[in-house]
Amino acid sequence: MNLGQHSLAVFSLLTILACGADGEAPLARFKFAQPHMGTIFRIVVYARNVRAASRASSAAFNRIAALDNTMSDYQSSSELMALCRRAGGPPVPVSEDLFRVLEKSQELAGRTHGAFDITCGPVVRLWRRARRRSELPDPQELAEARKLVGYTNVRLDNKRRTVQLLKSGMLLDLGGIAKGYAADQALAVLKKQGIASALVAAGGDIAVGAPPPGEEGWRIGIEPLESPAKPPNRFLMLRDQGVSTSGDSEQYVEIGGKRYSHIIDPRTGMALTGRSSVTIIADDATTSDATATAISVLGPDEGLAFAKSAHHIILFFVAATERGDRSYEWGSLPFAVSESSEGAATK
Ligand code: AMP
Ligand code: MG
């Protein structure tokens, strides 16, 4: 899981009151924030009173914390790390959450021919160290690490809900998908607690439910490539969807004048170079999170082709070129037209 402090700007500190049905308290806006998964999770809800809002958001944060304990590759006590320690051995039964995320990851790995690949852990570790030391990974070590990468070395058994990692030393990294899944799950908890109008933002990965009262949707800013130097200049209006931005605006290292991203190409073992920002809108944040990471690796041409072939994917890809920024779009981007004080920014 990545450690970046993805930025998220909430544009209003005001509590907006909306009229409730006869006799009921009006809905009011409440905001909560907690650190999890190496980022800040923010929850915005509309509720009748602070008690209802706090109770629901605490339950949602508890769910996020539990998912962090399941999927973290930073905590040796996580279920994911326990699974990795048994790599090279027989199939291991896993929790429903872990299985679902692995299934979704493997499906995307297949469809992107390994551009998205959660077995990239050994290579990601070397690049994390490279970022800390500001020096490129040792080629020999990189070559060794690459031998352990390959999504076809993960065997899932749907019926038994087991996972088998075929090579000893394999290391899974769910940093490209787990925050989106946690945002979706937190939104589901809020809904169960009777709160339909809610937003859960996990850094650059955001899940939104029903819109704020009287609004068309949640107003989400797309941060420009120059972020965080420049504030968002494009805004989306979203409801019942997930939106994610992947890019290198915060997590990168510059070595020898070249900028290396925290996203790596599992097919080559190299960190992505060059500046890009990929925003994906999908039916849920698990999909938008993983797809944004995948399309960052695929690049504009293949990425656009992939978005066209996928269901319900809206793409906004900005890449820096020698002749300035170029943008690529697929699908009907729901840009916000009216001024509103609601919202958050994806990356
Ligand atoms: P995101 O910020 O959602 O784009 O995810 C980036 C994180 O996902 C990185 O910090 C790594 O932990 C992991 N990752 C990097 N490259 C890949 C890749 N090609 N496929 C899957 N996960 C990746
Ligand atoms: Mg992602």
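### Digging into the nonpolar core
Across soluble globular proteins, nonpolar side chains have a tendency to be buried as a group. Judged by nonpolar contacts, the single largest core of 72 residues is most densely connected at Val 45, Leu 83, Leu 165, Leu 172, Leu 174, Leu 190 and Ile 295. Of all the elements, helix α7 (residues 285–309) adds the most residues to this core, at 10 residues. With 18 residues, the next largest nonpolar core counts Tyr 46, Leu 199, Ile 220 and Ile 222 among its residues.

### Describing the sheet that holds strand β6 (residues 198–202)
The strand order β1-β2-β6-β7-β10-β14-β15-β16 describes an open sheet built from eight strands, whose pairing is antiparallel. Edge positions in the sheet fall to β1 (28–36) and β16 (324–330), since each has one partner strand and no second. Taking the axes of each pair of neighbouring strands and ignoring which way they run, one obtains an average angle of 10° across the sheet. Across nine bridges, the pairing between β1 and strand β2 (residues 39–47) is antiparallel. What sits directly across from Phe 30, in β2, is Val 45. Across the face of the sheet, α7 comes into contact with β7 (205–208), β10 (241–247), β14 (276–282), β15 (314–321) and β16 while running at roughly 60° to β10.

### Some points on the site of ligand 1
Not every one of the 16 residues close to ligand 1 is listed here, only the nearest: Ala 115, Asp 173, Ser 246, Ile 264 and Thr 293. Here an oxygen atom of ligand 1 and a side-chain polar atom of His 262 are 3.2 Å apart. Here ligand 1 loses 98% of its free accessible area of 500 Å² to cover by the protein chains. Among the elements of the structure, β12 (258–265) and α7 are those that each provide at least two residues to the shell around ligand 1.

### What to know about the packing of aromatic side chains
As enumerated under the stated definition, the model contains four aromatic pairs in all. Ring geometry for Tyr 46 and Trp 218: centres 5.9 Å apart, planes at 55°, overall tilted. One end of the pair, Tyr 46, is in strand β2; the other, Trp 218, is in strand β8 (residues 218–222), and 172 residues separate them in sequence. Judged by its relative accessible area of 4%, Tyr 46 falls in the buried class. Centroid distance Phe 317 to Tyr 328: 5.9 Å. Interplanar angle 75°. Geometry classified as edge-to-face.

### What to know about helix α4 (residues 121–133)
Spanning 13 residues, α4 covers 18 Å between terminal C-alpha atoms, matching the ideal 18 Å at 1.5 Å per step. Along α4, the residues that are buried comprise Gly 121, Pro 122, Val 123, Val 124, Leu 126, Trp 127, Arg 128 and Ala 130. Phi turns positive one or two residues past the end of α4, at Ser 134, with a value near 55°.

### A word on the side chain of Asp 265
With respect to the helices, strands and loops of the structure, Asp 265 is situated in strand β12. For Asp 265, a relative accessible area of 11% corresponds to the buried category. A polar side-chain atom of Asp 265 sits 2.9 Å from the main-chain amide nitrogen of Arg 267. Ignoring anything within four residues of it in the chain, the contact list for Asp 265 reads Met 270, Leu 272 and Val 297.

### Considering the confidence of the model for the protein
With 90% of its residues at a pLDDT of at least 70, the protein reaches an overall mean of 90. Contacts for the low-pLDDT stretch residues 1–20, under 50 throughout, to residues beyond four places or in other chains number 80 contacts.

### Here's the deal with the packing of helix α1 (residues 50–71) against helix α3 (residues 96–111)
Interhelical geometry of α1 versus α3 gives an angle of 70° and a closest axis separation of 10 Å. If you check the angle between α1 and α3, you find them roughly perpendicular. You can see that α1 and α3 cross each other, and the crossing is right-handed. Residues Arg 63, Leu 67, Thr 70 and Met 71 of α1 form the contact with α3, whose participating residues are Asp 97, Leu 98 and Val 101. Each residue belonging to the contact of α1 with α3 can be placed in one class, and the counts come to four nonpolar, one polar and two charged.

### With respect to the packing of α4 against helix α5 (residues 139–146)
Orientation of α4 relative to α5, taken along the N-to-C sense of each, is 155°, at an axis distance of 8 Å. Considered as vectors, α4 and α5 are oriented roughly antiparallel to each other. Every residue of α5 that contacts α4 at Pro 122, Val 123, Leu 126, Trp 127 and Arg 129 is listed here: Glu 141, Leu 142, Ala 145 and Arg 146. Partitioning the contact of α4 with α5 into residue classes produces six nonpolar, no polar and three charged.

Conventions adopted
- Residues numbered from 1 in each chain as written.
- Chains lettered and ligands numbered in written order.
- Predicted model: local features only at pLDDT ≥ 70, side-chain atom pairs only at ≥ 80, totals over all residues.
- Heavy atoms only, no water.
- Core = buried A, V, L, I, M, F, W, Y, C linked by side-chain atoms within 4.5 Å.
- Buried < 20%, exposed > 50% of the residue type's maximum accessible area, 1.4 Å probe, protein only.
- Helix = DSSP H or I, 4+ residues; strand = E, 2+ residues; numbered from the N terminus.
- Pairing = 2+ DSSP bridges.
- Axes fitted to C-alpha atoms, helices over the stretch in contact; angles between N-to-C directions.
- Contact = heavy atoms within 4.5 Å.
- Near = heavy atom within 4 Å.
- Polar contact = N/O pair within 3.5 Å; in protein donor to acceptor, adjacent residues only side chain to side chain.
- Areas by Shrake-Rupley, 256 points an atom, 1.4 Å probe, with all protein chains shown as cover.
- Phe/Tyr/Trp six-rings, centres within 6.5 Å; stacked < 30°, edge-to-face > 60°.
- Expected span 1.5 Å × (residues − 1).
- pLDDT = per-residue confidence, 0-100.
- Parallel < 35°, antiparallel > 145°, perpendicular 65-115°, else oblique.
- Left-handed = near helix turned anticlockwise from the far one by under 90°.
- Nonpolar A, V, L, I, M, F, W, Y, C, P; charged D, E, K, R; others polar.

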